[in-house]
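# Reading the structure
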2 protein chains.
Amino acid sequence: MREVAIIGAGSTKFGELWGTSFRDLGIEAGAKALADAGLSGEEIDAVYVGNFASGSFIKQQNLDALVADYTGMATRNVPAVRTEAGGASGGVAFRQGVMAVASGMADRVIVGGAEKMTDLDDDRVGQILNACLDAEWEAGMGVTLTSIYAMIARRLMADGIATREEIASCAVNSHFHGARNPEAEYRKEIKLDTVLRAGPTCDPLTMFDGAPFSDGASAVILCPLEDARKITDKYVKVSAVAQASDTLAFFQRDSFTSFGATAAAAKEAYKLAHIEAKDIDVAEVHDVQTVGGVLALQDMGLYAKGEAGKAFLEGQTHFDADKVAINTSGGLKAKGNPVGATGVSQIAELYMQLTGTAGDRQVKDAKYGAAQSVGGTGSSVTVSILEAI
Amino acid sequence: MREVAIIGAGSTKFGELWGTSFRDLGIEAGAKALADAGLSGEEIDAVYVGNFASGSFIKQQNLDALVADYTGMATRNVPAVRTEAGGASGGVAFRQGVMAVASGMADRVIVGGAEKMTDLDDDRVGQILNACLDAEWEAGMGVTLTSIYAMIARRLMADGIATREEIASCAVNSHFHGARNPEAEYRKEIKLDTVLRAGPTCDPLTMFDGAPFSDGASAVILCPLEDARKITDKYVKVSAVAQASDTLAFFQRDSFTSFGATAAAAKEAYKLAHIEAKDIDVAEVHDVQTVGGVLALQDMGLYAKGEAGKAFLEGQTHFDADKVAINTSGGLKAKGNPVGATGVSQIAELYMQLTGTAGDRQVKDAKYGAAQSVGGTGSSVTVSILEAI
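Our next topic: the pattern of salt bridges. As enumerated under the stated definition, the model contains 42 salt bridges over all chains in all. For A:Lys367, the salt bridge goes to A:Glu387, with nearest N and O atoms at 3.7 Å. Here A:Lys367 is found in the loop between helix H14 (339-354) and strand S9 (368-375), whereas its partner A:Glu387 is found in strand S10 (residues 380-388), with 20 residues between them in sequence. Residue class for A:Lys367 comes out partly exposed when judged on its relative accessible area of 36%. According to the relative accessible area criterion, A:Glu387 is buried, its value standing at 12%. The salt bridge partner of B:Arg197 is B:Asp193, with a shortest N-O separation of 3.3 Å. Linking B:Arg197 with B:Asp193, this pair stays in helix H8 (residues 192-197), spanning four residues, or about one helical turn. Note on B:Arg197: relative accessible area 69%, which makes it exposed. With a relative accessible area of 38%, B:Asp193 lands in the partly exposed category. One salt-bridge network, in which partners are shared between bridges, spans A:Arg23, B:Asp134 and B:Glu136.

Trans is the prevailing form of peptide bonds, just as negative phi is the prevailing case for residues other than glycine. All names here are of chain A. The residue after Asp203, namely Pro204, is reached through a cis peptide bond having omega 10°. On the secondary structure map, Pro204 appears in the loop between helix H8 (192-197) and strand S5 (216-224). In this structure, Lys59 takes a positive phi of about 55° despite not being glycine. Mapped onto the elements, Lys59 comes out in the loop between helix H2 (54-57) and helix H3 (63-70). Residue class for Lys59 comes out exposed when judged on its relative accessible area of 63%.

With that settled, consider the side chain of B:Glu284. Residues and elements named next belong to chain B. By the secondary structure assignment, Glu284 is in strand S7 (residues 282-284). There is a polar contact of 2.6 Å between the side chain of Glu284 and the side chain of Ser329. Excluding residues that lie within four positions of it along the chain, Glu284 makes contacts with Asn327, Thr328, Ser329, Gln346, Glu349, Leu350, Ala370, Ala371 and Gln372.

Definitions and cut-offs
- Residues numbered from 1 in each chain as written.
- Chains lettered and ligands numbered in written order.
- Predicted model: local features only at pLDDT ≥ 70, side-chain atom pairs only at ≥ 80, totals over all residues.
- Heavy atoms only, no water.
- Salt bridge = Lys/Arg side-chain N within 4 Å of Asp/Glu carboxyl O.
- Helix = DSSP H or I, 4+ residues; strand = E, 2+ residues; numbered from the N terminus.
- Buried < 20%, exposed > 50% of the residue type's maximum accessible area, 1.4 Å probe, protein only.
- Polar contact = N/O pair within 3.5 Å; in protein donor to acceptor, adjacent residues only side chain to side chain.
- Contact = heavy atoms within 4.5 Å.

Here it is in structure tokens:
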């Protein structure tokens, strides 16, 4: 297999973008990524797009064709593929795009992710999001994504793995970084008290533990590593793309304080990249609820069980703390969470960090970056590792 | 890249399967395919699944995880990927599965397709299907999939490319074969008059020009060609998997009597397989409406423009006619069209034909088979070529 590089990235601002259509979001992110790579759309020979639920959100399926069309690729009949894996839709699209280049089936690939969520009322959006759970054993019984994360929080607290304050600190960390990312939906730092005293969603979680419903799109450009240096000075190597599954329903898991699929995907990713967890300098993790951030750090081996929450609380996760920097983009919580875009936007953030173009939130001398993208409550997880060259 | 083989296939019966859940359909098709290959599920290291709109049909997204879970793969964290490309969802899943084996990222892959459509009323199903059109410029204005095919029919007739009788004959051909396929939804031969005199859907098309709404699932097992002969005597080579896109909206096309994406994908597929259209012995084409069958034969170069309709009318397309046999499974029209399953079921049919296990509809000495899977009105098309070994 060929080694693969990322040579460009671009994102729209994330937020409630009522004046911008799904199509325009995709075009903007794609055009920015192409411009960043210094490529023309004419050079792209395959398109991958991650999207969660456009059929429900905007009554548009056949999304591969839409993306090929509105990026101008359809006039050349460029093949496009849409992947869906709940919140991991973008992560899975990235993995398939990397596979296309690695296999030799494509030479210049654009991987995009997009979601348009805010055209519906919040209740309906919540229902659609809950379709990432088990429809028969969870969502159909009234269980919601947030309620499962709330139960995980209770379990973490009861088992002495993390305190309520430590869990809430994941959101404080995300906002700390979101304030430094011009494309983030929420650009304000918050205090721990803000999270703890916000209105409850599912006790003990509050409004500030959860990521917002957002519109947005992100894209990255891939090519063989051997071509990258001829195209641009600004490229990173894709050292691993791993993916793992777990039971769809959460109650069937062996552990309620760990996502086994994260652990499995991370283990595979480190093996493929020939590194260990301690080598990671910067990581983007799936904090759709703060709890998810705590689990991620533990399951990826970045912190021992019981230490991840503390790391958030003590600010060890900040971009300038000289430890592994977590969610320098602002994470799902502050950057925003247009579901299908999220996994790709994580890759875009790491690309910036590893090419030294992350501005006010730049991690010093970052060599290895890891992105973790989660579908459902850890039923499908991708872990990708990028390396500065 | 490694050469890839198919070593097993299985399908559920297609139809209104009100007593069988989406999950049970998937399990049945997967288990049949594994048994056919003589493999245990333990040996599978990647899963691909094509599905059109489970979020809308059964309120279930995150379908990759569901499939991994209910096939027992989740206990080993096997990665699963869901693709969506309208009616081509299954064809795209097959292409990605082949890519996974070709690239060396997986050694034993199951590619499945499934859809559960009949739990909703027909009006709602129709709305969901129309989401494969352009939501802003077509479906949102009241245009339906059937109405576009009806306009294509009018154009074919006006331009002297096919008569109404010739177009309708595509359905007669599908029923001729469906009667010989135990898994088909409709197992009765019909006469041309039955199609012409049925209730109108969009004039000139009638109820008998269109494929039904169906439940069902299909699966095939892939491995490297070099391993295939060690596992089974019953295997075929995957000689090509090609995919092409076109504008999402039909009105933006250059031609209204051709699907450019079919022509582009077929051209690429023949090139990859080092064959010509005239080498194809058996083909499964996307007759979601009869018109689609006529276009397919022309765009794939199996018949010259103006000759495809005649071929159907004269029965040249029958399995025993000593020409290229078309839709020996019964096609979408008679076999049934559980959208996500359809593209995979076409591959399963070709596997049977090329291994001499197609029973009452066996094409004699079939060497090359081609499958064409269409998303929307030709906005995304896959063409795959299989070869008897």
